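Overview (structure and organization)
One letter stands for each residue in the lines below.
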Amino acid sequence: MRVIVLGAGIIGTSTAYWLARDGHEVTVIDRQPAPGQETSFANGGQISASHAEPWANPATPWKALKWLGREDSPLLWRLTRYDPALWAWGLRFLANCTSERTRLNTGRTLRVALYSRRLLKAFNQDNVLDYDRRADGILHFYRDAREFDHACQAAEIMKRFGLKRIVTDAKGCVDREPALAAAQPRLAGGIFTAEDESGDACKFTQALAAMAKGLGVRFLFEKSVDAIECQGSKFKAVRVGQESFMAEACVLACACFSPALLKPLGLNLPVVPAKGYSVTLTAGDGAPHLSLTDDEHKLVFSRLGDRLRIAGTAEFTGLDMSMNQARADIILRKTQDLFPKAGSDPEFWTGLRPVTPDSVPIMGETPIRGLYLNTGHGTLGWTMGLGSGRYVADILGGKPPDIDPEGLGLDRF
Ligand SMILES: Cc1cc2nc3c(=O)[nH]c(=O)nc-3n(C[C@H](O)[C@H](O)[C@H](O)COP(=O)(O)OP(=O)(O)OC[C@H]3O[C@@H](n4cnc5c(N)ncnc54)[C@H](O)[C@@H]3O)c2cc1C
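Just so it is clear, the model here is predicted, and its values are computed rather than measured.

Cut-offs and rules
Residues numbered from 1 in each chain as written. Predicted model: local features only at pLDDT ≥ 70, side-chain atom pairs only at ≥ 80, totals over all residues. Helix = DSSP H or I, 4+ residues; strand = E, 2+ residues; numbered from the N terminus. Rg over C-alpha atoms; globule rule 2.2 N^0.38 Å. Buried ≥ 20, exposed ≤ 12 C-beta atoms within 10 Å, placed from the backbone. Contact = placed C-beta atoms within 7 Å. Pairing = 2+ DSSP bridges. Core = buried A, V, L, I, M, F, W, Y, C linked by C-beta atoms within 7 Å. Near = placed C-beta within 6 Å. Nonpolar A, V, L, I, M, F, W, Y, C, P; charged D, E, K, R; others polar. Axes fitted to C-alpha atoms, helices over the stretch in contact; angles between N-to-C directions. Expected span 1.5 Å × (residues − 1). Arc of directions from axis to C-beta. Parallel < 35°, antiparallel > 145°, perpendicular 65-115°, else oblique. Left-handed = near helix turned anticlockwise from the far one by under 90°. Domains from an automatic or database assignment.

Observations concerning the overall build of the chain
The helix and strand inventory of the chain stands at ten helices and 20 strands. Its C-alpha atoms give the chain a radius of gyration of 21 Å, near enough to 22 Å, the size a compact globule of 413 residues would have. For the chain, the C-alpha atoms occupy an extent of roughly 65 × 45 × 40 Å along the three principal directions. In the chain, which comprises 413 residues, the share counted as buried stands at 50%. Sequence separation of 24 or more characterises 78% of the internal contacts of the chain that already satisfy a separation of 6 or more.

Structure, rendered in structure tokens:
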């Protein structure tokens, strides 16, 4: 089948790779000059399947209220900004913050995340890609004893989903990551997940794109898609300026920019941008090696070869990608506070997480025949990347997917 994939981030590239493996004739269109140049460019690097709890959970509204109006908080939502789509999304998000919905959404998210991690491990056995991979787990550490207590209870619940979470005290955290030694008196404890991984999502996306190219995938860069065209209720073509690209099927994987392409077709895609920041340092003597998550400051740390990547914060400020340098500097200061010799030469970056109200991605066919979605991966697009591509390639090819499609499609909204 002739298939067009829109977007060459981790999600679009993975979809194109698997489609080509299945024998489809694939063209990828992206507005950037290379793969992985937007949200997949400098993210936190974690394959954190074991920590795939949804943002929408009973604790979030209270934390959000606590953080409201604080410029140094991990979450920034400007109440002065009136954006009806964002407010409608916010109400749906709140509706997903009940215990029952959290359980349901956790199950759905984990289904995709664990599948994807399994696939990535198998993929790495058959292929050698250079993307600064570390497969030695993730340590999530806590300073607040009450938060740590909650996390220990959550670890018990997560065991029911088959996740192995090792609860450890402050000394145990330092044993696993000696760079935390100076911070030990401030730590309440940590949760270690041995099967999680980390690596550079952009490098992986580019290496996978090269493999896809080898399988015959055609990449068209620096082409900004203006419209998706239909004939009746069937996909017909993609329009880029005066050019039209025809195919039998199309997969939309344009992250936060997907809703605008669907709206003229009468489809409402509840995906909004949550801007995040990262800082990449040339790693110093005191930089951690193990991938870490600082629960209090909502920061993740990944060692990418001789670099240290630190990422976090969420700003609901629309499609604006500009950098608030004061907030970026806070990430650097918090890092230096934990690891005084973390590194040098900071490079700052912002990216827009494509977030759904229930924290579950939106994958599968739309009511328009031949038009498929692979988007809304929020905080976990790197974690879910390889599996999401395989899943949508299966659905598109009419094969039963390896995981249950329940609750993963647009029809759940
Ligand atoms: C600060 C931060 C930290 C993160 N940390 C992690 C982490 O540790 N682990 C994890 O799993 N996830 C993490 N994420 C989330 C992850 O990065 C995203 O979920 C993932 O990159 C989304 O991939 P994507 O392919 O959907 O989007 P993108 O990589 O943004 O790809 C979409 C592509 O569509 C193209 N496009 C858009 N509109 C058009 C158009 N009109 N025409 C043509 N092309 C178009 C863009 O150019 C882009 O290349 C983080 C995100 C951020 C911001």
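Brief notes about the pairing of strand β17 (residues 307-316)
Burial analysis of β17 places eight of its ten residues in the buried class, the great majority of the element. Sheet topology places strand β14 (residues 272-283) next to β17; seven bridges connect them, and they run antiparallel. Residue pairing in the sheet places S278 in a bridge with A311 of β17. Strand direction decides the pairing type here: strand β16 (residues 299-304) and β17, joined by six bridges, are antiparallel. Its bridge partner lying in β17, L304 is registered against R307. Joining the antiparallel neighbours β16 and β17 is a turn of two residues, in which G305 adopts a positive phi near 65°.

Quick word on the nonpolar core
Ranked by internal contacts, the top residues of the largest apolar core, which has 75 residues, are V3, L6, C250, V251 and L252. The greatest single-element share of this core, amounting to eight residues, is contributed by helix α10 (residues 381-396). Residue contacts for V251: discarding those within four places in its chain leaves V3, V5, L6, T15, Y372, N374, V392 and L396. The next biggest cluster of nonpolar side chains, apart from the first, holds 31 residues, and it includes A179, L180, A287 and V300.

As for the site of the ligand
Surrounding the ligand, one finds 42 residues, the nearest of these being G7, G9, G44, G276 and G381. Elements that contribute at least two residues to the shell around the ligand include exactly α1 (10-21), β14, β18 (343-355) and α10. Residue classes in the shell around the ligand are distributed as 16 nonpolar, 22 polar and four charged.

Quick notes on the environment of F204
For F204, the position within the fold is in helix α7 (residues 201-214). You can call F204 buried: it has 29 C-beta atoms within 10 Å. If near-sequence neighbours (up to four positions away) are discounted, F204 is found in contact with L129, Y131 and G199.

So, the sheet that holds strand β11 (residues 234-240)
With antiparallel pairing, the three strands of this open sheet are ordered in space as β10-β11-β12. Only two strands of the sheet have a single partner each, and these edge strands are β10 (227-231) and β12 (243-246). The average undirected angle you get between the axes of adjacent strands in this sheet is 35°. Pairing geometry for β10 and β11, over five bridges, is antiparallel. Each residue of the ladder has a partner; that of C230, found in β11, is F235.

A look at helix α9 (residues 325-338)
Between its first and last C-alpha atoms α9 spans 20 Å; for 14 residues at 1.5 Å apiece the expected length is 20 Å, and the two agree. Taken together, the buried positions of α9 are occupied by R327, I330, I331, T335 and L338. Buried residues in α9, looked at end-on, bunch into an arc of 130°, giving them a common side. Turned more than 90 degrees off the buried face of α9, the exposed positions are Q325, A326 and R333. Where α9 is buried, its residues meet β14, β16 and β17.

Thoughts on the packing of α1 against α10
For the pair α1 and α10, the least separation of the axes is 8 Å and the interaxial angle reads 40°. In terms of orientation, α1 and α10 fall into the oblique class. The element α1 and its partner α10 pack so that their crossing is right-handed. Of the residues in α10, those in contact with I10, I11, S14, T15, Y17, W18 and L19 of α1 are G381, W382, G385, L386, S388, G389, R390, V392, A393 and L396. Residue classes in the contact of α1 with α10 are distributed as ten nonpolar, six polar and one charged.

Focus: unusual backbone geometry
Its identity as a non-glycine residue notwithstanding, E222 has a phi of 55°, on the positive side. Here E222 shows up in the loop between β9 (218-220) and β10.

Some words on the domain arrangement of the chain
Size of an interface: often given as the accessible area lost when the parts come together. Here the chain is described as being made up of domain 1 (2-40 + 203-270 + 359-412) and domain 2 (138-193). Computed over C-alpha atoms only, the centres of domain 1 and domain 2 are separated by 37 Å.

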